[in-house]
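Notes for the structure review
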Amino acid sequence: MNKTNWTQRELLEQCREHFHVGREDDLALFRAALDFCENVHARQKRDDGTPFVYHPISVAGYLLEMGADETTVIAGLLHDTVEDGEDITIEQVAQKFGKDIAHLVDGVTKLTKSGKQTYFTKQQAQSENLRKLFLSIAADARVVIIKMADRLHNMRTLVYCSSEKRVRKARETLDVYAPLAHRFGMGNIKSELEDLAFSHAYPEEYERIRALVETHQRERETFLQSAMEAIRKNLSENGVSCDVAGRPKHLFSVYRKMHRLNCDISDIYDLIAVRIVVEGVGDCYAALGQIHGIWKPMPGRFKDYIAMPKPNGYQSLHNTMLNEGGTPFEVQIRTRDMHRVAEFGVAAHWMYKEGRVKMNLLDEKTGWLRQVMEENAQDEDSAELVDNIIQDFLGEYVFVLSPRGEIFDLPVGSTPLDFAYRVHTNVGHHCHQARVNGHLVKLTYVLQTNDVVEIITNNAQVGPNRDWLNIVKTKGAQNKIRQWFKRANREENEERGRAILAETAKHLGQNLATLLTSEYEEEIFKRHNFGSAADMYAAIGYGGITAGQIVHKLIDMDRKDRRLRAIEEMALGQGTDADGPKANPQGIIVHGDPGMATRFAACCSPMRGDVIVGYISRGRGLSVHRADCKNVKALQLTEPARFIEVEWEQKSRASFAAGLLVRVTDKQGALLELSKFFVSQNINLADISCKATPHGYAECKVRFIVSGAEQLQLLMTNMRKLKIVVEVSRM
């Protein structure tokens, strides 16, 4: 899939070859779709000024390369006609091209096209669109193939978009679409999406990693060529037919591994990789034996994904070898069928087959997603559902096994309780104890890859413990526990929720009866899909929503109303101040209680420009934290009601103490060069200290004063350009 843009002529030629067309009549439906597509997009342009129709034609071309059937290719050609066409409906597409094609087009069409939905924020609109997409994929796996082809072409041409759009699309790709491609085994597309998105979302880190990888690249390529030749010769002499190729390590994969393992690039053993494709499974193991005769394997690095495939269907043998000079390199061995699955995932089920694949094969690939959608069918909160899928199924995960050898993938940090709920809801509700690798463990034990997990249930146990909400990692398990309490104790939940809401309002110095007007109630119910006040109280009682969320929203609505009234009074000559809330001496606007004593949390040292939250500490007033502070995430789980909305006053001229941890090459004069840099940036140093670390580096802690996060970010950007600097991060 190296071609970025396809032409109409190239697409028609490939269609004839791909579908083995003998007569032009066999392409009648395809030609009709091409004409329809060109008419709909005739006057539209892309960001680079080229005709918009190049995009759907290229998407259809990508689908042909993946081996998709005619229905999917035509749907790819038409995928933007409803979303971007004038007065084009799904019903019109169905009438012209059939319900199957229309169904796929609808699956990749955003809800916001219809104009019938009302959203409070862009985030809500995005959540609704993603929910619709996930529902469509769960119903028909071909939707994800079209969406991946669409996103791949958009990312290949992203350079022509505005900087704001580039960053937004790139981060969305890293958060949702690349992990989704990985989940469906589409390794080739996933890796390219990640590298393209990485270059736009984090350009400085991208260039740094690229420069590190290119160091000694020529020596690695020289060795790679000799290793490939040695493998071809050895396997040929031993009767094993194979294709051998070098596999570059993708930059984002290098970056993620360095970040996750907190290691140097020299500690990554698969920068050099050889991929061997053979005919049969037996040839895989035969080839592995021959390669062990050429080079020594590195202990503890062998992985047999043929005997134990990954949940996304990936199969291959992986081992890390040591060459004559002691340099590690990876070898991957797989069959041709395994290679097609590794490259194209779910799409590979169409390749080299006669007719359409049986739908039950595709059902297996979407089973995990269908289960999530069914479990959340009654949940109206799209943002929570999307967050559930992204956190539980599209992030970093570990592989664990049941006693029967079934493989489950769970997010990093998951516990035996998460495993129990993944197996079945009732197994989770009645979980009594857990064994890991044959030993009893606490339910708080953090699961590791290859752990064998056995859940011991107790049917006499009525249900889950409320404390489990603080133990489980996965959103799915949290939701199942909350649903149990929601159904089991409705009246008790209502009573508890009513008391918690009143206590939270009192704690924040508010009168709930004054705040909870019928007008505000209606707004709260609409925002959170509550049918009544009883539903709201019950949701607070079982933990579906925090009382703090409700009270802070009520305070915010009341504040806005009071400000509007003040403006109206001033217009009538009845008021004197319509400036809204005032900032305290620290330059912080505290919503709901402007007079509260405020301090900056030492754990994260927030400064103007950072996204911040306020935490009401016992006896010490309000602590202002950065929103991404690790302590905040922990406190939001245990004491959510203590959080209050805060923001920076834009006119404030306050200065902030800042600290950076700078990793530099440990050479003479490095400290002096670093000091000179701060002088050149007109920054007065408060303190600087350095200590040597292994691997030839030194870690420097630098403290100084800045005007805010914007100045600090610029300083970090300029610092990364210094040759001696390896890494820069905030303390």
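Read on for a plain summary of the structure.

F30, L63, L77, L78, M148 and M186 are the most contacted members of the largest nonpolar core, which has 81 residues in total. Of all the elements, helix α9 (residues 142-156) adds the most residues to this core, at eight residues. Residues L443, A505, A658 and F704 belong to the second largest nonpolar core, which totals 78 residues.

With that settled, consider the pattern of salt bridges. Applying the stated criterion across every chain, the model contains 25 salt bridges. With a shortest N-O distance of 3.6 Å, K190 and E194 are connected by a salt bridge. With K190 and E194 both in helix α11 (residues 187-201), this residue pair falls four residues apart, about one helical turn. Judged by relative accessible area, E194 falls into the buried class, the value being 4%.

What follows covers the sheet that holds strand β15 (residues 621-626). Working definition: the strands of a sheet are paired by backbone hydrogen bonds and lie parallel or antiparallel to each other. Across the sheet, four strands lie side by side as β13-β15-β14-β16; this open sheet has mixed pairing. Each of the sheet's edge strands pairs with one partner strand only, and the pair in question is β13 (598-600) and β16 (643-644). Pairing of strand β14 (residues 612-617) with β16, which is carried by two bridges, proceeds in the antiparallel orientation. Bridging across to β16, Y615 finds its partner in F643.

A separate point is empty space enclosed by the protein. Inspection of the entire model under this criterion finds one cavity of 30 Å³ or more. Each pocket or cavity is described by its volume, and for the largest cavity that value is around 40 Å³. Lining the largest cavity we find H182, R183, K310, P311, N312, Y397, F399 and D409. Secondary-structure elements contributing two or more residues to the lining of the largest cavity are α10 (163-183) and β7 (397-401).

This part is about the state of the cysteines. All chains considered together, the criterion is met by one disulfide. Covalent S-S linkage joins C690 and C700, the inter-sulfur distance amounting to 2.1 Å. For the disulfide bridge between C690 and C700, the dihedral angle about the S-S bond is near 105°, and by the sign convention the bridge is right-handed. With C690 in strand β19 (residues 685-693) and C700 in strand β20 (residues 697-706), this pair connects stretches of sequence that are ten residues apart.

Taken in spatial order, the three strands of this open sheet run β10-β9-β11, and their pairing is antiparallel. With partners counted over all chains shown, the strands left at the sheet margins are β10 (439-441) and β11 (453-457), one partner each. Each strand axis lies, on average, 35° off the axis of its neighbour in the sheet, ignoring direction. Here strand β9 (residues 431-436) pairs with β10 via three bridges, running antiparallel. Paired with A434 across the bridge in β10 is V441. Across the sheet, helix α19 (residues 416-423) lies against β9, β10 and β11, angled at about 80° from β11, the strand it touches most.

All right, on to helix α4 (residues 70-77) then. Given 3.6 residues per helical turn, the α-helix brings residues three or four places apart onto the same face. Within α4, seven of the eight residues are buried, leaving the element largely enclosed by the surrounding structure. Within α4, the full set of buried residues consists of T71, T72, V73, I74, A75, G76 and L77. Elements that come into contact with the buried residues of α4 comprise α1 (8-18), α2 (28-40), α3 (54-65), α7 (99-107) and α9.

Moving on, we come to α10. Here α10 is 21 residues long and its end C-alpha atoms lie 29 Å apart, about the 30 Å a rise of 1.5 Å per residue gives. When α10 is considered as a whole, its buried residues turn out to be K169, A170, E172, T173, L174, V176, Y177, A178, P179, L180, A181 and R183. Just past α10, the residue G185 takes up positive phi, approximately 75°.

So, about the packing of helix α12 (residues 203-214) against helix α14 (residues 251-261). Where α12 meets α14, the axes come as close as 10 Å, and the angle between the chain directions of the two elements is 95°. As summarised for this structure, α12 and α14 are arranged roughly perpendicular, according to the angle between their axes. Residue-level contacts link E205, Y206, I209, R210, L212 and V213 of α12 to L251, V254, Y255 and M258 of α14. Residues that form the contact of α12 with α14 fall into these classes: eight nonpolar, no polar and two charged.

With that settled, consider the environment of V277. Looking at where V277 falls in the secondary structure, it is placed in strand β2 (residues 273-278). Judged by its relative accessible area of 8%, V277 is buried. With 35 residues separating them along the chain, V277 and C242 place their C-alpha atoms 5.4 Å apart. With residues near it in sequence (within four places) discarded, V277 still touches S241, C242, D243, R334, T335, R336 and H339.

Criteria and thresholds
- Residues numbered from 1 in each chain as written.
- Predicted model: local features only at pLDDT ≥ 70, side-chain atom pairs only at ≥ 80, totals over all residues.
- Heavy atoms only, no water.
- Core = buried A, V, L, I, M, F, W, Y, C linked by side-chain atoms within 4.5 Å.
- Buried < 20%, exposed > 50% of the residue type's maximum accessible area, 1.4 Å probe, protein only.
- Helix = DSSP H or I, 4+ residues; strand = E, 2+ residues; numbered from the N terminus.
- Salt bridge = Lys/Arg side-chain N within 4 Å of Asp/Glu carboxyl O.
- Pairing = 2+ DSSP bridges.
- 1 Å grid on protein atoms, 1.4 Å probe; cavity = no way out; pocket = protein on both sides within 12 Å on 5 of 7 lines; lining within 4 Å.
- Points joined across faces, edges and corners; volume = space filled by probe spheres on them.
- Disulfide = S-S within 2.5 Å.
- Axes fitted to C-alpha atoms, helices over the stretch in contact; angles between N-to-C directions.
- Contact = heavy atoms within 4.5 Å.
- Expected span 1.5 Å × (residues − 1).
- Parallel < 35°, antiparallel > 145°, perpendicular 65-115°, else oblique.
- Nonpolar A, V, L, I, M, F, W, Y, C, P; charged D, E, K, R; others polar.

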